[in-house]
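One letter stands for each residue in the lines below.
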Amino acid sequence: MKNNCISGAEAVMKSLTQEGVDTIFGYPGGAIMPIYDALYSYRDQVNHLLVRHEQGAIHAAQGYARSSGKVGVCFATSGPGATNLITGLADAMIDSTPVVCITGQVASHLLGTDAFQETDVIGISMPVTKWNIQVTRAEDVPGAITKAFYIARSGRPGPVLVDITKDAQFGETAFEYRPFLKMRSYSPVPKVDVAALNAAAELINSAQRPYLLVGQGVLLSNAERELLDFVNHTGIPVASTLLGLGALPANHPQYVGYLGMHGNYAPNVLTNECDVLIAVGMRFDDRVTGNVSKYAKQAKVIHIDIDPSEINKIIPASVGLVADAKELLPQLKGKCQQRNHSEWIEEFHKLDKLEHEQVIDGAINPSSNELRMAEVIHMLSEKTKGDVVVVTDVGQHQMITSRYFKYEVSRTNITSGGLGTMGFALPAAIGAKLGNPKKTVVAVIGDGGFQMTVQELGTIMQFNVDVKILILNNNFLGMVRQWQELFFEERYSFTDIQNPDFVKIAEGYRIESTKIEERDDLSSALDKMLNSHGAYLLEVVVGKQENVFPMMETGAGVNEIRLN
């Protein structure tokens, strides 16, 4: 090797350490072997976790990013290794999660020849990445990686993929790492439109029933403090999207609940009775809006988002503000009057009381002998005071957790929102623990989703990851079953699932575990799980045919949400 030159593979590792990367999730293979060889010399600087499937690697990287606020990193080889990342890339793309994936690729002279384990990962991943690039020369490695991190974390965050051919990994280059600072035609932090800002403040100051909807954008911009100041100053009631949970503490007197198809009754119904609707860092997903032709037609809409493509995409905005919430909210607060909207907030409380009477009270204190998911999550919330990282999979348990766990701290709600990826929770919980090691991490998972990535128990075992796994087992694919009951005349087509012995599986991975079926055992079982040293699996058998209410049917407006 020439003086002062290093291999492209070592340039990868040097570049990652320059970016402050301390954790990588991955799985080696032929086309990425030179990078893994270089990694061997960085074992004291970088913690690499060998996952059991590449999908586990990217979900773990997502969990790491979501809990730490940093960029998650994963490695995979070419061909099937790279294509196994695609679901996670799509998940990260729609949920705005900053992840950098580095994949190995066949040598550049073999590109396009259908060589062993060659796939066009650039073409395949293009629709589900914020940016991707194929590197075929060693000297281009540092520039590609610094640009990847810049794009992944700036503006609206998202996943990036860097595909590096094997000859580029073996090739030599003089190493120089220059942090990427800007690129033409890309403005990640837009300048606030003062006229729009003034128009928004005027609408808020004249409103009698203003209503603030908070999404994940507040968390991504680290604007929790600015949101709290704005809310306290203006007196406006606040509701949260699924991914926005925790942006404002659930015990705040102006917090009125969770939006969406299975959200709280009051925040959904009163969307159609406010006069000014302020949306911050949320994108008016269909699970929040229901039928858009019936959504908030009476209201002036102020939409604040860092991504200009979201403004007017689904709900027309009276005022659109393309801005970073952390920068925008203090400016908006400065132009808004200090108000008290207690009478308006009381209307939320009245409907909340109705939901308690018809849904919540019976769910957390059931009269039936069967354990219910809601009482399990309610008790978990009470025991932890809402201050643990909760990672949920997808399905009924996810909606139940969103409803009954009271998130008091930001970055403690990690879930697959936009894509709804079953199998997300177990590997994401591994990443969440690595990203925030001082926090207790509880993965709440259904019996169906757990089996999609159950092999990651091996990662937990090998690396002693202290994750608490709570399986809510109803022996059904519960969310699909609920729809089959309500809308398909109880024709349960392939949703009744036969499950293995989860406790024995956990024992096979040397993970302490317990199964309970009785209400009298619940409190002590949760205590044992939460107080355990190291990983723990608790299986709770719940009623087979429990439904999640309220529920907004397909085609319904937000004010048509059903309580039963």
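Just above, that's the structure.
A short tour of the structure in this document, coming up. (Residues numbered from 1 in each chain as written. Predicted model: local features only at pLDDT ≥ 70, side-chain atom pairs only at ≥ 80, totals over all residues. Heavy atoms only, no water.)

Re the environment of Pro157
Now for step 1: Its location among the elements puts Pro157 in the loop between helix H7 (141-153) and strand E7 (159-165).
Now for step 2: Classification of Pro157 as buried rests on a relative accessible area of 9%.
Now for step 3: Between the C-alpha atom of Pro157 and that of Ser96, which follows or precedes it by 61 residues, the distance is 5.0 Å.
Now for step 4: For Pro157, the contacting residues outside a window of four places in its chain are Ser96, Thr97, Pro98, Lys130, Ala152 and Leu220. (Helix = DSSP H or I, 4+ residues; strand = E, 2+ residues; numbered from the N terminus. Buried < 20%, exposed > 50% of the residue type's maximum accessible area, 1.4 Å probe, protein only. Contact = heavy atoms within 4.5 Å.)

Focus: the nonpolar core
Now for step 1: Grouped together as the largest cluster of nonpolar side chains are 98 residues, with contacts concentrated most on Tyr211, Leu212, Leu277, Leu332 and Leu470.
Now for step 2: Non-local contacts of Leu277, meaning those with residues more than four positions away in its chain, are made with Tyr211, Leu213, Phe284, Tyr295, Ala296, Ala299, Lys300, Val301 and Ile302.
Now for step 3: One finds Phe25, Tyr64, Phe450 and Ala506 within the second-largest nonpolar core, a separate group that totals 48 residues. (Core = buried A, V, L, I, M, F, W, Y, C linked by side-chain atoms within 4.5 Å.)

Structural notes on the pairing of strand E19 (residues 512-516)
Now for step 1: Direction of pairing for E19 relative to strand E20 (residues 536-541): parallel, over a ladder of five bridges. Looking across to E20, one finds that Lys515 is bridged to Glu539.
Now for step 2: Taken together, E19, helix H23 (residues 522-531) and E20 form a β-α-β motif whose crossover is right-handed. (Pairing = 2+ DSSP bridges. Right-handed = clockwise from strand over helix to strand, strands pointing away.)

A closer look at the packing of aromatic side chains
Now for step 1: Enumeration over the complete set of coordinates arrives at twelve aromatic pairs.
Now for step 2: Seen in terms of ring centroids, Phe175 and Tyr177 are 6.2 Å apart; in terms of plane orientation they differ by 10°. Their pairing is stacked.
Now for step 3: Overall, the relative accessible area of 24% leaves Phe175 in the partly exposed class.
Now for step 4: Taken together, Tyr150, Phe180 and Tyr186 form an aromatic cluster joined through their ring pairs.
Now for step 5: Note that Lys14 overlies the ring of Phe175, its terminal NZ or CZ placed 5.9 Å from the centroid.
Now for step 6: The ring of Phe476 has Arg481 lying over it, and the distance from NZ or CZ to the ring centre is 5.8 Å. (Phe/Tyr/Trp six-rings, centres within 6.5 Å; stacked < 30°, edge-to-face > 60°. Lys NZ or Arg CZ within 6 Å of the ring centre and 35° of its normal.)

Thoughts on the environment of Glu546
Now for step 1: Note on placement: Glu546 falls in the segment after E20.
Now for step 2: A residue is classified by how much of its surface remains accessible, and Glu546, at 7% relative accessible area, is buried.
Now for step 3: Separated by 65 residues in sequence, Glu546 and Arg481 have C-alpha atoms that sit 9.7 Å apart.
Now for step 4: In contact with Glu546, other than residues within four places in its own chain, are Arg372, Met373, Ala374, Gln396, Ile400 and Arg481.
Now for step 5: Of note is the side chain of Glu546, whose polar atom sits 2.9 Å from the backbone nitrogen of Met373. (Polar contact = N/O pair within 3.5 Å; in protein donor to acceptor, adjacent residues only side chain to side chain.)

Observations regarding helix H5 (residues 86-94)
Now for step 1: Regarding H5, the residues found buried are Ile86, Gly88, Leu89, Ala90, Asp91 and Ala92.
Now for step 2: In the core, the buried residues of H5 are packed alongside helix H3 (54-68), helix H4 (80-83), strand E5 (99-105), helix H6 (121-125) and E7.
Now for step 3: With its phi angle positive at about 55°, Ser96 sits one or two positions after the end of H5.

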